[in-house]
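# Overview (structure and organization)
Chain by chain, the residues run as shown.
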Amino acid sequence: MPQTTADYQYKIKSKPSKYAHFMQAYKIRTLKYKFYLERGGNEGDPIILLIMGLGAQSLVWSNLFCQHLISSGYQVIRFDNRDIGKSSKLKHKNKLTKEYKLVSKKLALLSRFKLGLPIRIEEDSIPYTLYDMTEDVHQLLNALQIEKCYVIGMSMGGMIAQILAAEYPDRIEKLGLLATSNNKPFLPPPKLDALRALTKPVAQTKDATEVIENNLNLQRVIASPDFFDEKRALKKTKLLYNRRFYPKGVSRQLLALLATGSLVAIDEKIKQPTLIVHGSKDRLLPPAHGHSLAKTIPHADFKLIPGLGHDIPDILARYLADLFAEYFNAKKAVIDNDETAFKN
């Protein structure tokens, strides 16, 4: 008889993190997969769970950003999604792995997706959807015996966070969404340079230099233009490459996003107070995506950050961390909406 979630004993191993002296690293085996996770802060403090985006490892949540949240009185958890970093890699073998490496195929899928047209992929050819990735997060909460927490999701991680808040409302206290979307049809597509950088084929070489340069170029294009630090970005890109470079996982996560489609119906179910933060210079998901979320989620506040791109630059790490920490800490969720902010 197959084992069920109800009677499964999660296996957890921990040791000090090699990436942050203030974090403890965990390897957690759930019913299906293994996940790498880091946790920091004082035991007993409320917990903020960080969910990262497409193809991005947990360390993209910078140590600086995490430290600022911790200094605000929270525990912080960051983890590698499935198919990325040090978490489980799926062995899903089908034609999609090769077929959708082609830029033309990726663009065709993205075009249909943005127009709200059906994505013509056979269901049994889709490795997983964002709903499956949401269940991963739910299992991690169960493994760590976290009954309730705050959540911040960025980009694709924000989409997972929306589903989590809607499907498991008793587990999420308040929601933070950064540089993300509900993928409503007809929202503006990525800027052309961002789209080209995102869909550029992975270099078929064992030489790390070209791969690192391609990843660095994507960051140049989508980062906050006035705050991009080339030297720091290169150092971080090399660290992530050496930690675990796995391009197949990025392709599968992109398919998961496209196959999931619009989250408008999900957003209408979200009851938690929600802070939506978006950058005025986001070239991957232009500000209209944040506005769409603010219009659709019932109890949402919106903050547009001048000059912010699709990243968390170190110079804005404290400001962004404080925005979320203060919102989560407030008895009544209120954000100062100035002339840059949109309110439904």
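Residues numbered from 1 in each chain as written. Predicted model: local features only at pLDDT ≥ 70, side-chain atom pairs only at ≥ 80, totals over all residues. Heavy atoms only, no water.

Our focus in this paragraph is the overall build of the protein. Counting secondary structure elements, the protein contains 12 helices and 9 strands. Going through the 344 residues of the protein one by one, you find that 54% of them count as buried. Sequence-distant contacts in the protein: of pairs separated by 6 or more residues, those separated by 24 or more amount to 74%. Accessible area of the protein: about 16,400 Å², with a carbon and sulfur share of 52%. (Helix = DSSP H or I, 4+ residues; strand = E, 2+ residues; numbered from the N terminus. Buried < 20%, exposed > 50% of the residue type's maximum accessible area, 1.4 Å probe, protein only. Contact = heavy atoms within 4.5 Å. Areas by Shrake-Rupley, 256 points an atom, 1.4 Å probe, with all protein chains shown as cover.)

Averaged over all residues, the pLDDT of the protein is 88; the fraction at 70 or higher stands at 83%. Below a pLDDT of 50 lies the segment residues 338–344, which in the model reaches 15 contacts outside its immediate sequence neighbourhood of four places, other chains included. (pLDDT = per-residue confidence, 0-100.)

Another aspect to go through is the pattern of salt bridges. Side-chain pairs of opposite charge can arise where the charged atoms are in close proximity. Applying the stated criterion across every chain yields a total of 11 salt bridges. One salt bridge connects K148 with E173, and the closest N-O pair in it is separated by 3.9 Å. With K148 in the loop between α4 (130–143) and β6 (149–154) and E173 in strand β7 (residues 172–178), this residue pair connects regions lying 25 residues apart in the sequence. Note on K148: relative accessible area 43%, which makes it partly exposed. The residue R232 makes a salt bridge to D314 at a minimum N-O spacing of 2.6 Å. Taken together, the positions of R232 in helix α8 (residues 230–243) and D314 in helix α12 (residues 314–329) put the pair 82 residues apart, joining distant regions of the chain. Members of the salt-bridge network, linked through shared partners, are E213, R220 and E230. (Salt bridge = Lys/Arg side-chain N within 4 Å of Asp/Glu carboxyl O.)

Another point: a positive patch on the surface. A contiguous patch of positive charge, built from K11, K13, K15, K18, K27, R29, K34 and K86, is present on the exposed surface. At the level of elements, β1 (11–16) and β2 (23–29) are the ones that each hand at least two residues to the positive patch. Tallying contributions element by element places β1 first for the positive patch, with 3 residues. Looking at where R29 falls in the secondary structure, it is placed in strand β2. (Patch = residues over 30% accessible without salt bridge, like charges linked within 9 Å, V, L, I, M, F, W, Y side chains within 5 Å. Lys, Arg positive; Asp, Glu negative; His and termini not counted. Charge placed at Lys NZ, Arg CZ, Asp CG, Glu CD.)

Spatially, β1-β2-β3-β5-β4-β6-β7-β8-β9 is the arrangement adopted by the 9 strands of the open sheet, whose pairing is mixed. Lying at the two open borders of the sheet, with one neighbouring strand each, are β1 and β9 (300–305). Ignoring strand direction, the axes of neighbouring strands in this sheet form an average angle of 20°. Contacts between helix α1 (residues 63–71) and the sheet are confined to β2, β3 (34–40), β4 (47–51), β5 (75–79) and β6, with β5 contributing the most and set at about 150° to the helix. (Pairing = 2+ DSSP bridges. Axes fitted to C-alpha atoms, helices over the stretch in contact; angles between N-to-C directions.)

Okay, the packing of α4 against helix α9 (residues 247–260) next. Orientation of α4 relative to α9, taken along the N-to-C sense of each, is 110°, at an axis distance of 8 Å. Classified by the angle between their axes, α4 and α9 sit roughly perpendicular to one another. Counting all contacts with α4, which are made through L130, Y131 and M133, the residues of α9 involved are Q253, A256, L257 and T260. Broken down by class, the residue content of the contact of α4 with α9 amounts to 5 nonpolar, 2 polar and no charged. (Parallel < 35°, antiparallel > 145°, perpendicular 65-115°, else oblique. Nonpolar A, V, L, I, M, F, W, Y, C, P; charged D, E, K, R; others polar.)

Moving on: the nonpolar core. In this structure, L37, L49, I51, L130, C149, V151 and I276 are the most contacted members of the largest nonpolar core, which totals 45 residues. Here the element with the most residues in this core is helix α5 (residues 156–167); it accounts for 8 residues. Sequence-distant contacts of C149, that is, excluding residues within four places in its chain, are made with I47, L49, L141, R171, I172, E173 and K174. Counting 32 residues, the second largest nonpolar core, distinct from the first, contains M52, L69, Y74 and L275. (Core = buried A, V, L, I, M, F, W, Y, C linked by side-chain atoms within 4.5 Å.)

Tallied over the entire structure, the rule returns 6 aromatic pairs. Taking 4.8 Å as the distance between ring centres and 20° as the angle between the ring planes, the aromatic pair formed by Y150 and F328 counts as stacked. Separated by 178 residues along the polypeptide, Y150 in strand β6 and F328 in helix α12 bring together distant segments of the chain. The exposure classification of Y150 matches that of F328, with both residues buried. On the numbers, 5.2 Å between centres and 35° between planes, the contact of Y241 with F245 is tilted. With a relative accessible area of 29%, F245 lands in the partly exposed category. (Phe/Tyr/Trp six-rings, centres within 6.5 Å; stacked < 30°, edge-to-face > 60°.)

This part covers the packing of α1 against α12. Packing of α1 against α12 brings their axes to within 9 Å, and their N-to-C directions diverge by 35°. For the crossing formed where α1 meets α12, the hand is right-handed. In contact with L64, F65, H68 and L69 of α1, α12 contributes D314, A317, R318, L320, A321, F324 and A325. Class assignment of the residues belonging to the contact of α1 with α12 gives a composition of 8 nonpolar, 1 polar and 2 charged. (Left-handed = near helix turned anticlockwise from the far one by under 90°.)

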